[in-house]
Structure formats: C-alpha cells, structure tokens
Amino acid sequence: MSLDHAASKPHEALAVLLRDDMDAVNTLIEERMASKHAPRIPEVTAHLVGAGGKRLRPMLTLAAAKLCGYDGPYHVHLAATVEFIHTATLLHDDVVDESEQRRGRPTANLLWDNKSSVLVGDYLFSRSFQLMTETNNIDVLRILSNASATIAEGEVLQLTAATDLSTNEDIYLQVVRGKTAALFSAATEVGGVIAGASADDVQALFDYGDALGIAFQIADDLLDYQGDSAQTGKNVGDDFRERKLTLPVIKAVAQASDEERSFWERTIEKGRQEDGDLDHALALMDKYNTLSRTRDDALAWAEKAKDAVKKLPDHEIRGLLSDTADYVVARMN
C-alpha cells in the first residue's frame, strides 16, 4: 500500500508503516488481557478493545521509537502499556460519567455493571505496570507512572471544576493536560527514551505529544456541540447534559451578562435543565462566537505540535506526525 500522504489519513499511513510492530502490540495485548481465574476480564476488555478506535496512542510510541532509530523489542511493550492505561481510563471514565455509549457501542458498564468496569480497569492498570517493568528502564517507569498519576489527578480535578462557573481557561487547560495530554506526551516521550534519543529530541517528542493531546481534546469538546453523532459516537450536547464546563461554555460564561450567568448557574452548577436549554446554550455560544474561538485554540495547539516535530531527525515518520496534528483538528471542519 502506498504511503502517499494525500491518499490516506496520516494515522492510516502510520498504521501501514508500523504494521508489523502494531501486529506484535495487538498480540501482546491479547496475551496480557487474558485471565485464567476471572473470565470476565477478557470479556470486558475485548468488548472495548474490539470496538475499534485508531490506536493512536500506542502508534505514537512505536513511531517515536522508529523515528529515533530504535531496533530493540521493548517499544512493543511500551505501546501495549500505553493502550492498557488508555483502556483502563476509558472503563473508569464511563462509570464516572454514567455513559451509555462509547465508539458507537454500548459501554461496558451498561452491558455488565459498574463494579466490573472499575475492577477490570484496575486489572489493566496493574498489567500496564507489569509491562513497564519488563523494559528494565527506570526512566520509562518514571514517565509512565507519573502520567498515570497525572491522569487520575486530572480526572479528580474535573469532578469539581466541571460544574463550577469559576473554572477558567487555565483550570480547563490543567484538566486537559491531565486527563488527555499526559498520556499523549508520555506515549511519544517513552518512544524516544527507549531508543536512547538525545535530551533535545526527547523534549521535542514530549512537547509534540503534549500539544497534540491538547489540540485533540479541544477539538473533541468542540465536536460535542457541532459534531456529527454518526461520526463521533456521541449525541450532540452530551457535555451540556452531563454538566461539563468545557472550553466553548467557559468562553461564554466569561462574557455573560447577569441574566446569562443565571442561566449557566441553573443548568450547569445546579443541574436543573429544561426543554430548550441546549438550544439556548448554543445561542449564547453563537452570540459570543465561542465555537469559532475554540476552534482557533485547537488549531493553535496543532501548530505548536508541528513546530515541535520540526526539531526531530529528518524521517518519513516526522512528516506523518506533523500531518497527524493537522488531522486531529481537521475533524472540526
């Protein structure tokens, strides 16, 4: 298959280039999500893993390692680690958010129960740490364990920040850096570390993953209000119904009149929502042009990701990483 960038999406071109490594990652994931004593573990995990997804995070680990010239076996372990951490957080998130749909399919907590989702998520976290230790690389352990703690911290911060109208853009960014960007940046950083890349290249990989993750999440939050349900797998306005203060609303609250602020207090802080409230919320976002301004923020972070990539060694993967930054925000068009 051709790697012509124009002919395919960048993550698909990456998947072609990294096919053998991704096959090895998938095999390792299947091996390590098995359980002799608790058959529900592979049942729940297979439901979520089998739902598809682009496997972008583990691919970024493989891509970073390859770009930096790695020829050992442990990038596969690290990519599987990243995917296990991601899957564990999704299982926990769906319980916290009381979600009923993920990637267009019923969530595990809906098909089984909350207890199964939480405990299987815990199992996957444990498996991820087992995989990390097999690399015998203390820097890798430090990066991924720090990322795991940061993700959990970001999720807990979101619990209070999401329904608090005093949440500003700085706090929002802190939440996003925790719950989304931390795993992107760890995924790219460990690829460089396992390859023995220079400190400058490892920093550039971290900066790329950080900016890519932020752009990705801002685009996701925008798509919640103007996306296609068939493509996103979520209903338009789910964040509003779940009383999540994301960037489009934060920007609207910052400019709200007293009457408008009362509306946001009722619907977001107090959770007393009525028919027509989503339409009114969208009208207020339109009044202050917050969807367009949110889109501009996502594009700016994508540019930061592309700037970081320019510092990395010349390699065909470098171009695909740059194109991936464009792709995660192109979803907004």
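Everything quoted here is computed from the prediction, not taken from an experiment. (Residues numbered from 1 in each chain as written. Predicted model: local features only at pLDDT ≥ 70, side-chain atom pairs only at ≥ 80, totals over all residues. Heavy atoms only, no water.)

> Teacher, can you tell me more about the overall build of the chain here?
The helix and strand tally for the chain stands at 17 helices and 2 strands. Counting across all 333 residues of the chain, residues that qualify as buried make up 53%. Considering only intrachain contacts with a sequence separation of at least 6, the fraction spanning at least 24 residues in the chain is 76%. Entry remark: accessible area of the chain is about 14,900 Å², with carbon and sulfur atoms responsible for 47%. (Helix = DSSP H or I, 4+ residues; strand = E, 2+ residues; numbered from the N terminus. Buried < 20%, exposed > 50% of the residue type's maximum accessible area, 1.4 Å probe, protein only. Contact = heavy atoms within 4.5 Å. Areas by Shrake-Rupley, 256 points an atom, 1.4 Å probe, with all protein chains shown as cover.)

> Would you mind showing me how to read the packing of aromatic side chains here?
Two numbers describe a pair of aromatic rings. These are the distance of the centres and the angle of the planes. Across all of its chains, the model carries 4 aromatic pairs by this definition. Taking the centre distance of 5.3 Å and the plane angle of 45° together, the rings of Phe-184 and Phe-216 count as tilted. Highlighted residues: Phe-184 in helix 9 (residues 169–194) and Phe-216 in helix 10 (residues 199–226), separated in sequence by 32 residues. Phe-216 shares its class with Phe-184; the two are buried. Between Phe-240 and Phe-263, the ring centres sit 6.4 Å apart and the planes meet at 15°, which makes this aromatic pair stacked. With Phe-240 in helix 12 (residues 238–241) and Phe-263 in helix 14 (residues 258–269), this pair connects stretches of sequence that are 23 residues apart. For the pair Phe-240 and Phe-263, one class covers both residues: buried. Three or more aromatic residues joined by ring pairs form one cluster here, namely Phe-240, Phe-263 and Trp-264. A cation sits over an aromatic face here: Arg-57 above Phe-216, 5.5 Å from the ring centre. Of note, Lys-304 hangs over the ring of Trp-301, and the distance from its end group to the ring centre comes to 3.9 Å. (Phe/Tyr/Trp six-rings, centres within 6.5 Å; stacked < 30°, edge-to-face > 60°. Lys NZ or Arg CZ within 6 Å of the ring centre and 35° of its normal.)

> For this particular structure, what's the right way to read the packing of helix 7 (residues 114–133) against helix 8 (residues 138–161)?
Each packed pair of helices is defined by two parameters, the angle between the axes and the distance between the axes. Their axes nearest at 10 Å, the elements helix 7 and helix 8 cross at an angle of 165°. Classified by the angle between their axes, helix 7 and helix 8 sit roughly antiparallel to one another. Where helix 7 crosses over helix 8, the handedness of that crossing is right-handed. From helix 7, Phe-125, Phe-129, Met-132 and Thr-133 reach across to helix 8, where they touch Leu-141, Leu-144, Ser-145 and Ser-148. (Axes fitted to C-alpha atoms, helices over the stretch in contact; angles between N-to-C directions. Parallel < 35°, antiparallel > 145°, perpendicular 65-115°, else oblique. Left-handed = near helix turned anticlockwise from the far one by under 90°.)

> How should I be thinking about the pattern of salt bridges in this particular structure?
Oppositely charged side chains are able to pair whenever their charged atoms sit close together. Counting across every chain of the model gives 17 salt bridges. Linking Asp-277 and Arg-266 is a salt bridge whose minimum nitrogen-to-oxygen distance equals 2.9 Å. Of this pair, Asp-277 sits in helix 15 (residues 277–287) while Arg-266 sits in helix 14, and the two are 11 residues apart along the sequence. Assigned by exposure class, Asp-277 and Arg-266 land together as buried. Note that Glu-303 is salt-bridged to Lys-306, the shortest N-O span being 3.3 Å. On the criterion of helical spacing, the pair formed by Glu-303 and Lys-306 is a turn pair, its members being 3 residues apart in helix 16 (residues 290–309). Residues joined in a network through salt bridges with shared partners are Glu-169, Lys-251 and Asp-297. (Salt bridge = Lys/Arg side-chain N within 4 Å of Asp/Glu carboxyl O.)

> Teacher, can you tell me more about helix 9 here?
In an α-helix, one turn spans 3.6 residues; hence positions three or four apart end up facing the same way. Look at helix 9: 35 Å from first C-alpha to last across 26 residues, which is about the 38 Å you get at 1.5 Å a residue. At Ala-181, helix 9 shows its largest kink, close to 55°. Between a side-chain oxygen at the N-terminus of helix 9 and the backbone nitrogen of Asp-170 the separation is 3.1 Å; the capping residue is Asn-168. After helix 9 finishes, the residue Gly-196 shows a positive phi value of roughly 70°. (Expected span 1.5 Å × (residues − 1). Bend = angle between axes of the 7 residues up to and from the residue. Polar contact = N/O pair within 3.5 Å; in protein donor to acceptor, adjacent residues only side chain to side chain.)

> So what exactly am I meant to see when it comes to the environment of Val-118 here?
Its location among the elements puts Val-118 in helix 7. A relative accessible area of 32% places Val-118 in the partly exposed class. Along the primary structure Val-118 and Ala-88 are separated by 30 residues, whereas in three dimensions their C-alpha atoms are 8.3 Å apart. When residues no more than four places from it in sequence are discounted, the contact partners of Val-118 are His-92 and Val-95.

> I tried to follow the nonpolar core on my own but got confused; where do I start?
Most often, soluble globular proteins have nonpolar side chains that are buried together. Counting 95 residues, the largest nonpolar core has Leu-144, Trp-264 and Leu-321 as the members making the most contacts within it. Looking at this core element by element, the count peaks at 13 residues for helix 10. Those residues within four positions of Leu-321 in sequence are excluded, and the remaining contacts are Leu-14, Leu-60, Ala-63, Leu-67, Tyr-208 and Val-309. (Core = buried A, V, L, I, M, F, W, Y, C linked by side-chain atoms within 4.5 Å.)

> Would you explain the confidence of the model for the chain in this entry?
Looking at the chain, the pLDDT average stands at 88 and 88% of residues meet or exceed 70. Across residues 1–7, confidence stays below pLDDT 50; counting only partners more than four residues off in sequence or on other chains, it has 8 contacts. (pLDDT = per-residue confidence, 0-100.)

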